Structure formats: structure tokens, C-alpha cells
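Observations on the model geometry
Here are the chains, one letter per residue:
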Amino acid sequence: MAIGDVRTVSSGHCTDLHYVDTGMYDAPEYGSVYLLDAEEPALIDTGIGKHYERILDLLETVGVGTEELEWIVPTHVHLDHAGGAGFLAEECPNATVAIHERGARHLADPTRLWEGTKSAVGGMIEYYAEPEPVPEGRIEELADGDVIDLGDHELRVHEAPGHAPHQHVFHDSANEAVFTADAAGIYVPSRDVVRETTPPPQFDLEQAIEDVGLLRDLDPETLLFGHFGPCDRLDVLDEYEERLREWVASVEAKRDVYGDDEQVLEQFGERTAALMGELWGEHKAREEGKLNARGVLTYLDS
């Protein structure tokens, strides 16, 4: 799948569901945004802000006018998922922006979120656009157990705070599918593997593993990854749980060997660049490895 491509999700019982490769970090197969073309159409996630026009192209391709969009639903406020919310809210004037209650203030005033992102992602900030605020009157706060009623579909809200305390996953029972946010990791469809996503400052291993268990208990036919695309192979959840445990253990072991966190970060940056550089680009892959290692080191210090 190439950057900008729009596809229909056809796995399992999925209907009315489409997604676009947003070209996040200038890489294919990294960032997806979904459009559920329900009676009340909804976007799930909003991309990184840059190239939000590709999400407008998704609406146009499916035949949903910007004034017809009813919902914009970021899974959490990390800017690779919520960075486009303000831009899209301006383009889609009738849409309600629904977000975890702990993240709502950051959409209304993204100043602190932007500063925190610059600190967290380091050299990757060049790929981001500074977010635009969402008018407070258009924000609806979500809590665990809430339901977004789209008419012929509904999104049932489940808290999944292991990746970040403001993260929700959404169960669409009509499609027997779950929008996984970052709770199931990064799925790489061209390689059929799942990779870790453990950014600072709030990654929590034990809670992340509980979140994987939540996804298992929902027992969907299809997992809808923000990174990247649909997957109907549910044993990927077992693989992700194992990957999380091994990843945290490997970072901890390298810290014990080096006694220098900067060396640990460089080690995992180079390792990720070697493994994923061909697909994501060496710069993005290296910074991704360092980011995720830094999240584990922060967790170990907590």
C-alpha cells in the first residue's frame, strides 16, 4: 500500500469501513486513519497534522462531504493520533470531536502537548505540524464504558492506559472489530509482524499487558491498527505480549551492561534502523528505536 492510497476493509464482517495511508513520517505502512461510513460518519484517529489533506481525500473518495462528517474520534492525544484534530475540525464544521476525558484540555489548548511532544520525540519533530486548537464547545469527553452512537454502528469505549493514560480502544460490534489505538503495538503488514510502541513518559508494562488481555476478551474478528491497517490474525496479540516482555527485558539488560542510558538509546536506535530502515527510512527507524527505549528506561525508573 502506497502513501495516499485508500482501501476498504473487507476482512471478517466489516462493512462501511475504509482507511488511508497518511504517509506519517514520510513512510508507507505506518499511519492509518479510518472512516466508518455509518449513518453518522466518523473518522477514527486524525494523523500527525502534516498532510491532513490525505484524510480529506479519504472522505472525498468514499463520498462523505466535509459538512456530513459527524464525528472525529482520536484514540488518544499523542500527536501521531490527534495532531490533525484541529485542522479537520476546521474543515468539517459539523463534527463533534470525542476524546478521553484526560486529553480533552490538550485539544482545546495544545500548547503543553506540543512542547511535550518536542521534548519526547527529539529529532522526529520535523515530521510534525504544530497542532491547531479544537473549539471547546465541539469537544465531547469520553470515559470507560461510554458509547458513541453512529446509528447503524456504535463505538463502545474501553480504557487502555498502558501506552498512555489518555488512551481508549473502540469496539464496533456490528463489524466485530476493534480500533486498537497503540494497545496492540505497531503492525507491519508487509512483514506480518508486530513491533513495540513504548514511548515516554507514561508507558507501563503491566498495564500494557492488561490492555492486550482486554483486546483478547473483546474477541474481535478484526484488529484495526493505527499503525498500520487491519489484521485478522488474532494471535498477533499473543505475539505482542511476548514482544513487550522481551523488549523491556532487553532494554533493562543493556542498561545493566553499559551503565549509561545514552549508550542504551544509541544501541537500540541502531538496531531498529537495521531492522526497519528499509521500510520506514533509516532516520525514522533510528529515532523510533531510541524513543521506545527511552520509554522503557522511564518506566524502569518509576
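Presented here is an overview of the structure given in this document. What you see as residue numbers is a count from 1 along each chain, following the sequence as written. The predicted origin of the model limits local features to residues at a pLDDT of at least 70 and limits the giving and counting of side-chain atom pairs to 80 or more, whereas totals for whole chains, interfaces and linings rest on all residues. Note that water and hydrogens are dropped before the side-chain values are worked out from all heavy atoms of the structure.

1. Points about the pattern of salt bridges
Basically, it comes down to this: We count a salt bridge whenever a side-chain nitrogen from Lys or Arg sits within 4 Å of a carboxyl oxygen from Asp or Glu. Helix and strand definitions follow DSSP, with helices as H or I runs of at least four residues and strands as E runs of at least two, each counted in order from the N terminus. A simple rule labels every residue: compare its accessible area, found with a 1.4 Å probe on the protein chains alone, to the largest value its type can have, and call it buried under 20%, exposed over 50%, or partly exposed in between.
One pass over the full model with this rule turns up 17 salt bridges. Arginine 216 is paired through a salt bridge with aspartate 238; the nearest N and O atoms lie 2.9 Å apart. With arginine 216 in helix H6 (residues 205-218) and aspartate 238 in helix H7 (residues 236-258), the pair connects residues that are 22 residues apart, well separated along the chain. With a relative accessible area of 42%, aspartate 238 lands in the partly exposed category. Aspartate 261 is the partner of arginine 255 in a salt bridge, and the nearest nitrogen-oxygen pair spans 2.8 Å. On the accessibility criterion, aspartate 261 (29% relative accessible area) is partly exposed.

2. Digging into H7
Applicable threshold: One less than the number of residues in a helix, times 1.5 Å, gives the span that helix is expected to have.
Look at H7: 32 Å from first C-alpha to last across 23 residues, which is about the 33 Å you get at 1.5 Å a residue. Among the residues of H7, Val236, Leu237, Tyr240, Glu241, Leu244, Trp247, Val248, Val251 and Arg255 are the ones counted as buried. After H7 finishes, the residue glycine 259 shows a positive phi value of roughly 65 degrees.

3. Focus: the packing of aromatic side chains
The following threshold applies: In this scheme Phe, Tyr and Trp rings, the latter by its six-membered ring, pair at centre separations within 6.5 Å, and the angle between planes marks the pair as stacked below 30 degrees, edge-to-face above 60, and tilted otherwise. As a reminder, the over-ring test applies to NZ of lysine and CZ of arginine, requiring each to be within 6 Å of the ring centre and within 35 degrees of the ring normal.
According to the stated counting rule, one finds eleven aromatic pairs in the structure shown. Put simply, the rings of Tyr25, Tyr30, Tyr127, Tyr128 and Trp280 pair up and form one aromatic cluster. Here the guanidinium or amino end of lysine 284 rests over the ring plane of tyrosine 25, the centre of that ring lying 3.6 Å away.

4. Quick look at the pairing of strand S3 (residues 32-36)
What counts, and what does not: In this analysis, strands are considered paired if DSSP registers two or more bridges between them.
In terms of burial, S3 is a largely internal element, five of the five residues being buried. Relative to S3, strand S2 (residues 17-21) runs antiparallel, the two being bridged by five bridges. In the sheet register, leucine 17 faces S3, and the bridge partner there is leucine 36. Relative to strand S4 (residues 42-44), S3 runs antiparallel, the two sharing three bridges. Bridging from a neighbouring strand, leucine 36 pairs with alanine 42 of S4. Between S3 and S4, which follow one another and run antiparallel, lie five residues.

Any link to function would need more than the numbers given here.
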